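For reference, the chains in residue letters:
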Amino acid sequence: MSMLEIKDLKVNYGVIQAIKGINFSVNEGEIIALIGANGAGKTTILHTITGLITPSEGSVLFNGTDLTKIPAHKIVSMGMAHVPEGRRVFADMTVYQNLKLGAFTRTDKDEIQESLENVYERFPRLKERANQYAGTLSGGEQQMLAMGRALMSHPSIILMDEPSMGLSPILVNEIFDIIKSVNDSGTTVLLVEQNAKKALSIADRAYVLETGNITIEGAAEDLLSDDRIKKAYLGE
Amino acid sequence: MMNFLTYLINGISLGSIYAIIALGYTMVYGIAKMLNFAHGDVIMIGGYLIYIFASSLGLNPVLSIVIAMAGCTCLGIVTEKIAYKPLRNATSNLAVLITAIGVSYFLQNFALLVFGANPKAFTSVVSWEGISLAGDELKIQGVTIVTIVVSLIILLVLQLFINKTRSGQAMLAVSEDKGAATLMGIDVNKTISLTFAIGSGLAAIAGALLCSAYPTITPYTGAMPGIKAFVAAVLGGIGSIPGAMIGGLLLGVVEILSKRYISTQLADAIVFGILIIILLVKPTGLLGKNIQEKV
């Protein structure tokens, strides 16, 4: 059984149908990439999975539980973390306070401390800036903070929405290396990206989303050499 | 000189009451992004509750305040649930604003129906007479001192609560970004309820102090202080807790000093005039943040 299974998902914004009945699955340990152009519905899908948007039809099964029937704030404690588009760190709070909020649903102080040390080890720059306000960090540091904050909930799956957005090429490489290493340490990753080339280079499998439908799916390596993908998303 | 000092201290005391009310305005605005215009009337309800228990039934004043706080806290939570929560996702912010004005009129008329329009004599909750300094030249009333001390304690406790507790951090997170807060596992509805509860509980304390300093109570007792406190919150930068405190103190001092040295009739005009000038110069208020969207 898949860890995460999306079945016949449809989402409406008023009269407009943004997601038109999609199916996909994520298995434990995988990196799954969801690629597509602006407005294809990628962010909508992630928001629906973590309960910020209610779908009109369909189900989101996470280890067998339908997340569409669970209040959004209870989902993180089930082992699913979401790094939202545009990072959305709490700008008026310190780096440390942001990270502590990531562990909001956890109660064991020793375990939280252990996670904090793990995050500091993965992102040494966050440790240096622990007492700085998150709003004063650079874009790349904010992305690291958003990822660190998500890791503080000790998730079994992490959803990442456009982690490379607005970052310099060097930072993009750094962020993707981190995603890979997060996955290597046992966390499943569902990655939404416009940077199709980078996303496919680290993903196991991928789905291509076009105006609310999944049009192509397959192993990431195959998609990298697929002519349709090359033409539309890789600029070759 | 001694007279001036007396007026200044009275101004600080009145300002402290405005500040306590303004804290409720500013916290609710920060978290629910709504202006709760019924907040002033919660003070009046708190005042009447203390009037019933302390002045009429002769209960211990402190116990009466505790009961009034509990009553106002419930009132705040229930109003939020019934009147404001269903409108939280309404397309227009005006809907909830108008509802708040409706709740304000409802509470005033409810009090009118139950207690009548005649002012009731309120027994001060502070029985201490106060102190005389400089050979009886400078007299400070007990209620004045208690008001100032209580407001300082409230500010301190609130700051500690927000910065040091889990619920306080949740409030900060919700005030910045409800969606991201939800992703952290924070129950946004519960956090908003808590904010209304705290704001309304503070309103009961403000009611006790206000009615003790000006010892009568009518159904409209809370209306004007409510508006002044709103001005104080905007003046200090709405959403900012220290801002509400500074705005409140400033307003109280200006009001009392202009009443004494300029004109009793013009005092309110001066107070609101200052609001207009400060907002022209610094639209976000004294301690308000410049809102900049990072793209």
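Computed from a predicted model, the values in this text were never measured in an experiment. (Residues numbered from 1 in each chain as written. Chains lettered and ligands numbered in written order. Predicted model: local features only at pLDDT ≥ 70, side-chain atom pairs only at ≥ 80, totals over all residues. Heavy atoms only, no water.)

(A) View of the confidence of the model for chain B. The predicted model of chain B has a mean per-residue pLDDT of 92, with 98% of residues at 70 or higher. As scored by the predictor, the complex reaches a pTM of 0.91 and an ipTM of 0.93. (pLDDT = per-residue confidence, 0-100.)

(B) Layout of a nonpolar patch on the surface. A surface patch of nonpolar side chains, about 560 Å² in accessible area, is lined by Met1, Phe4, Tyr261, Ile262 and Leu266 of chain B. Note on placement: Met1 of chain B falls in the segment before α1 (2–32). (Patch = residues over 30% accessible without salt bridge, like charges linked within 9 Å, V, L, I, M, F, W, Y side chains within 5 Å. Areas by Shrake-Rupley, 256 points an atom, 1.4 Å probe, with all protein chains shown as cover. Salt bridge = Lys/Arg side-chain N within 4 Å of Asp/Glu carboxyl O. Helix = DSSP H or I, 4+ residues; strand = E, 2+ residues; numbered from the N terminus.)

(C) Summary view of the environment of Met2 of chain B. Residue and element names in this part refer to chain B. Position of Met2 among the secondary structure elements: in helix α1. Remark: the alpha-carbon pair of Met2 and Leu138, spanning 136 residues in sequence, is separated by 5.9 Å. When near neighbours in sequence (up to four residues on either side) are disregarded, Met2 contacts Ala134, Glu137 and Leu138. (Contact = heavy atoms within 4.5 Å.)

(D) Examining the packing of aromatic side chains more closely. This structure, assessed with the given rule, holds 10 aromatic pairs over all chains. Arranged with centres 5.7 Å apart and planes meeting at 35 degrees, the rings of Tyr84 of chain B and Phe196 of chain B form a pair that is tilted. Here Phe196 of chain B lies in helix α8 (residues 188–213) and Tyr84 of chain B lies in helix α3 (residues 61–84), a separation of 112 residues in the sequence. No difference in accessibility class separates Tyr84 of chain B from Phe196 of chain B, as the two residues are buried. When the centroid spacing of 6.3 Å and the interplanar angle of 20 degrees are considered together, the rings of Phe106 of chain B and Phe110 of chain B count as stacked. Within this pair, Phe106 of chain B and its partner Phe110 of chain B are both found in helix α4 (residues 93–115), separated by 4 residues, close to a single helical turn. Each residue in the set Phe4, Tyr7 and Tyr261 of chain B is aromatic and connected to the rest through ring pairs, giving one cluster. Residue placement shows Arg166 of chain B over the ring face of Phe104 of chain A; its charged tip is 4.1 Å from the ring centre. (Phe/Tyr/Trp six-rings, centres within 6.5 Å; stacked < 30°, edge-to-face > 60°. Buried < 20%, exposed > 50% of the residue type's maximum accessible area, 1.4 Å probe, protein only. Lys NZ or Arg CZ within 6 Å of the ring centre and 35° of its normal.)

(E) View of the interface of chain B and chain A. On the side of chain A, 22 residues touch chain B, which itself brings 19 residues to the contact. For the pair chain B and chain A, the two sides together bury roughly 1,900 Å², of which 60% comes from carbon and sulfur. Three residues, Glu176, Leu183 and Met184 of chain B, lead the burial of chain B against chain A; their summed loss comes to 36% of the area buried on that side. The interface formed by chain B and chain A holds 1 salt bridge in total. A salt bridge links Arg88 of chain A to Asp177 of chain B, with the shortest nitrogen-to-oxygen separation between them at 2.8 Å. Inspection of the chain B/chain A interface yields 5 residue pairs in polar contact (both at pLDDT 80 or more). Counting residues per element, the ones that place at least two in the side of chain B that touches chain A are α6 (166–176) and α7 (178–183) of chain B. (Buried area = accessible area lost by both parts, 1.4 Å probe. Polar contact = N/O pair within 3.5 Å; in protein donor to acceptor, adjacent residues only side chain to side chain.)

(F) Up close: the packing of helix α2 (residues 95–102) of chain A against helix α3 (residues 109–122) of chain A. All names here are of chain A. Contact geometry of α2 with α3 gives a least axis separation of 11 Å together with a crossing angle of 125 degrees. Classified by the angle between their axes, α2 and α3 sit oblique to one another. Crossing handedness for the pair α2 and α3: right-handed. Here Tyr96, Leu99 and Lys100 of α2 come into contact with α3, specifically with Ile112, Leu116, Val119 and Tyr120. Residue composition of the contact of α2 with α3, by class: 6 nonpolar, no polar and 1 charged. (Axes fitted to C-alpha atoms, helices over the stretch in contact; angles between N-to-C directions. Parallel < 35°, antiparallel > 145°, perpendicular 65-115°, else oblique. Left-handed = near helix turned anticlockwise from the far one by under 90°. Nonpolar A, V, L, I, M, F, W, Y, C, P; charged D, E, K, R; others polar.)

(G) Expanded view of the sheet that holds strand β2 (residues 16–26) of chain A. Residue and element names in this part refer to chain A. Taken together, 4 strands build an open sheet; the order of strands is β2-β1-β4-β5 and the sheet is antiparallel. This sheet does not close on itself; its edge strands, each paired only once, are β2 and β5 (65–66). Relative to β5, strand β4 (residues 57–62) runs antiparallel, the two sharing 2 bridges. Among the inter-strand pairings, Phe62 is bridged to a residue of β5, identified as Thr65. (Pairing = 2+ DSSP bridges.)

(H) Structural view of helix α1 (residues 42–49) of chain A. Residue and element names in this part refer to chain A. Most of α1 sits out of view: 8 of its 8 residues are buried. All buried positions along α1 are accounted for by Lys42, Thr43, Thr44, Ile45, Leu46, His47, Thr48 and Ile49. Gly51 sits one or two residues past α1 and shows a positive phi near 85 degrees.

(I) Main features of the pairing of strand β3 (residues 31–36) of chain A. Residue and element names in this part refer to chain A. Here β3 lies mainly inside the structure; 6 of its 6 residues are buried. Neither face of β3 is exposed, since Ile31, Ala33 and Ile35 on one face and Ile32, Leu34 and Gly36 on the opposite face are all buried. Pairing of β3 with strand β8 (residues 188–193) involves 5 bridges; the strand directions are parallel. What sits directly across from Leu34, in β8, is Val192. Examined bridge by bridge, β3 and strand β9 (residues 205–210) share 5 bridges and lie parallel to one another. Counterpart to Ile35 in the pairing with β9 is Val208.

(J) Seen up close, the sheet that holds strand β6 (residues 80–83) of chain A. All names here are of chain A. Reading across the sheet, the 6 strands line up as β6-β7-β8-β3-β9-β10 and stay open at both edges, with mixed pairing between neighbours. Edge positions in the open sheet fall to β6 and β10 (213–219), since each of these has one partner strand only. Strand-to-strand twist in this sheet, taken as the mean axis angle between neighbours without regard to direction, amounts to 15 degrees. Pairing between β9 and β10: 6 bridges, direction antiparallel. Residue pairing across strands places Arg205 opposite Ala219, the latter belonging to β10.

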